[in-house]
Amino acid sequence: MRELDPERLPVHLAIIMDGNGRWAQQRMLKRIVGHQRGAETVNMVVEHAWRLGIQYLTLFAFSSENWSRPAIEVRALMSLLKKYIRKETARMMRKNIRYNVIGNRSDLPVDVNETLDEAIKQTSVNTGMTLTLALSYGGRQELSMAARRLACDVRDGKITPDDISVENFGTYLDTGGLPDPDFLIRTSGEMRISNFLLWQLAYTELYFTETNWPDFTINEFNKALIDFQSRERRFGKTSDQISPRNKPSNA
Ligand code: FPP
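What comes next is a walk through the structure.

Calculation rules
- Going along each chain's sequence as written, the residues are numbered from 1 onward.
- Given that this is a predicted model, residues contribute local features only at a pLDDT of at least 70 and side-chain atom pairs are listed and counted only at 80 or more, while totals for whole chains, interfaces and linings are drawn from all residues.
- Only hydrogens and water are set aside; all other atoms, that is, all heavy atoms of the structure, feed into the side-chain values.
- The helix count covers DSSP runs of H or I at least four residues long, the strand count covers runs of E at least two residues long, and both are numbered beginning at the N terminus.
- Note on method: radius of gyration uses C-alpha positions; expected globular size equals 2.2 Å times residues raised to 0.38.
- Remark: exposure states derive from per-residue accessible area (1.4 Å probe, protein chains only) relative to the maximum for the residue type, with buried under 20%, exposed over 50%, and partly exposed in between.
- One heavy atom within 4 Å of a molecule or strand makes the whole residue count as near it.
- Here a polar contact is taken to be a pair of N or O atoms separated by no more than 3.5 Å, where protein atoms must pair a possible hydrogen donor with a possible acceptor and residues adjacent in sequence count only if both atoms sit in side chains.
- Accessible surface is estimated by sampling points in the Shrake-Rupley manner with a 1.4 Å probe; for residues, cover comes only from the protein chains shown.
- Each residue is assigned to one of three groups, with Ala, Val, Leu, Ile, Met, Phe, Trp, Tyr, Cys and Pro labelled nonpolar, Asp, Glu, Lys and Arg labelled charged, and all others, Gly among them, labelled polar.
- The criterion is simple. A nonpolar core is a set of buried Ala, Val, Leu, Ile, Met, Phe, Trp, Tyr and Cys residues joined through side-chain atoms within 4.5 Å.
- Multiplying one less than the number of residues by 1.5 Å gives the expected span of a helix.
- Contact criterion: two residues are considered in contact whenever any of their non-hydrogen atoms come within 4.5 Å of each other.
- Any two of the Phe, Tyr and Trp rings considered here, Trp counted by its six-membered ring, make a pair once their centres fall within 6.5 Å; the pair's planes then place it as stacked at under 30 degrees, edge-to-face at over 60, or tilted in between.
- Two thresholds decide whether a charge sits over a ring: the Lys NZ or Arg CZ must be within 6 Å of the ring centre and within 35 degrees of the ring normal.
- The arc in question is the one traced by the directions running from the helix axis out to the C-beta atoms.

Considerations on the overall build of the protein chain
The number of helices and strands found in the protein chain is seven helices and six strands. Reading the secondary structure of the protein chain in the N-to-C direction produces β-α-α-β-α-β-α-β-α-α-β-β-α. Rg of the C-alpha trace for the protein chain: 19 Å, near the compact-globule value of 18 Å for 251 residues, within the 12% margin. Referenced to the eigenvectors of the C-alpha coordinate spread, the extents of the protein chain come out at roughly 55 × 50 × 35 Å. Expressed as a percentage of the 251 residues in the protein chain, the buried residues total 48%.

Structure representation (structure tokens):
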């Protein structure tokens, strides 16, 4: 297998962490046990991404659609998230990692929001990796909220319809200020985007693995990154026009 090239890592890596429930059910365990094991994989991925110097890591932790799961699972997931953030904030401080959240925070329980506020405030001084948690997040919801904000700015005379462009539309999204993801990993064999970062994934390289999230290992993570490095990213241009950074490692 090829070696990982530290010079050609994705600047922004996004992950759809799927398969916790199936992992648990295959072992006759409760679904929440799958989420608990999934949180351990989160730790491994954060640690490894940080070690490699990846600047932005975005994790799809809870979708707008996940609210329709059984109440007991939703409660358990919220409690797990709160515990994780509380427990790991000290580590984020040591590693200079900044927390960020995208999604509809007004849907989240008050105690989860308080914990997030505290963690975001505390880690806001950090300048290393930005760890974004997508919570109560849906891409269509984000786009429609952005359209609302933009319409208000037009109404208030801050911009005119002619000012709207691909560049400034992005600033109305929850991810305003973050670069678009270079690479997206989805675990558990499902080959879809599931309403995640619909605008931002326009030119993202996609990677799907059969492995359920709790079984996703550091070796698999490296394998995915090596696969990313074998891709030629042309952004609509010809192969001759693109920079060496976007050429496959073996080219
Ligand atoms: C999808 O698996 C996963 C989720 C809905 C939640 C993801 C949560 C974690 C990985 C744990 C906590 C997160 C953090 C950031 C600490 P699924 O339940 O849809 O699996 P299934 O498709 O097999 O049912």
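Some points on the site of the ligand
In the region of the ligand, 19 residues are neighbours, and Asp18, Gly21, Arg22, Arg31 and Arg69 sit closest. A distance of 3.3 Å separates an oxygen atom of the ligand from a polar atom in the backbone of Gly19. Within the side chain of Arg69, one N or O atom sits 2.6 Å away from an oxygen atom of the ligand. Coverage of the ligand by the protein chains reaches 93% of its 620 Å² of free accessible surface. Put simply, the parts of the chain that give the shell around the ligand at least two residues each are helix 1 (20-26), helix 2 (31-52) and helix 3 (71-94). Looking at the shell around the ligand, its residues break down into nine nonpolar, six polar and four charged.

Brief notes about the nonpolar core
If you look at the biggest cluster of nonpolar residues, it comprises 43 residues, and the most contacted ones within it are Ile15, Val46, Leu57, Leu131, Leu135, Ile185 and Phe221. In terms of residue count, the dominant contributor to this core is helix 3 (eight residues). Ranked by size, the runner-up nonpolar core spans ten residues in total, among them Ala14, Ala134, Tyr137 and Leu184.

With respect to helix 2
Residues spaced three or four apart along an α-helix point in a common direction, a consequence of the helix completing one turn every 3.6 residues. Between its first and last C-alpha atoms helix 2 spans 31 Å; for 22 residues at 1.5 Å apiece the expected length is 32 Å, and the two agree. The set of residues buried in helix 2 consists of Gly34, His35, Gly38, Ala39, Thr41, Val42, Met44, Val45, Val46, Glu47, His48 and Ala49. In this fold, the buried residues of helix 2 make contact with strand 1 (12-16), helix 1, strand 2 (56-63), helix 3, strand 4 (130-137) and helix 7 (218-229). Two residues or fewer past helix 2, Gly53 is found with a positive phi of approximately 90 degrees.

Re the packing of aromatic side chains
One pass over the structure, following the stated rule, counts nine aromatic pairs. When the ring of Phe62 is compared with that of Trp67, the centres are 4.7 Å apart and the planes differ by 70 degrees; the resulting orientation is edge-to-face. Judged by its relative accessible area of 0%, Phe62 is buried. Given the relative accessible area of 27%, Trp67 is considered partly exposed. A ring pair is formed by Tyr137 and Phe196, whose centres lie 5.9 Å apart and whose planes are at 90 degrees; its orientation type is edge-to-face. With Tyr137 in strand 4 and Phe196 in the loop between strand 5 (183-186) and strand 6 (205-208), the pair connects residues that are 59 residues apart, well separated along the chain. The exposure classification of Tyr137 matches that of Phe196, with both residues buried. Connected via pairs of aromatic rings, a cluster forms that spans Phe60, Tyr137 and Phe196. The ring of Trp50 carries Lys95 above its face, with NZ or CZ at 4.1 Å from the centroid.

Examining helix 4 (residues 110-123)
If you check helix 4, its first and last C-alpha atoms are 20 Å apart, about what 14 residues at 1.5 Å a residue would give, namely 20 Å. All of the buried residues along helix 4 are Val112, Asn113, Thr115, Leu116, Ala119 and Thr123. Along the axis of helix 4, the buried positions cluster into a sector of 160 degrees, meaning they face one direction only. Residues of helix 4 that are exposed and point more than 90 degrees away from the buried face comprise Val110, Glu114 and Lys121. Contacts made by the buried residues of helix 4 are with helix 3, strand 3 (98-102) and strand 4.

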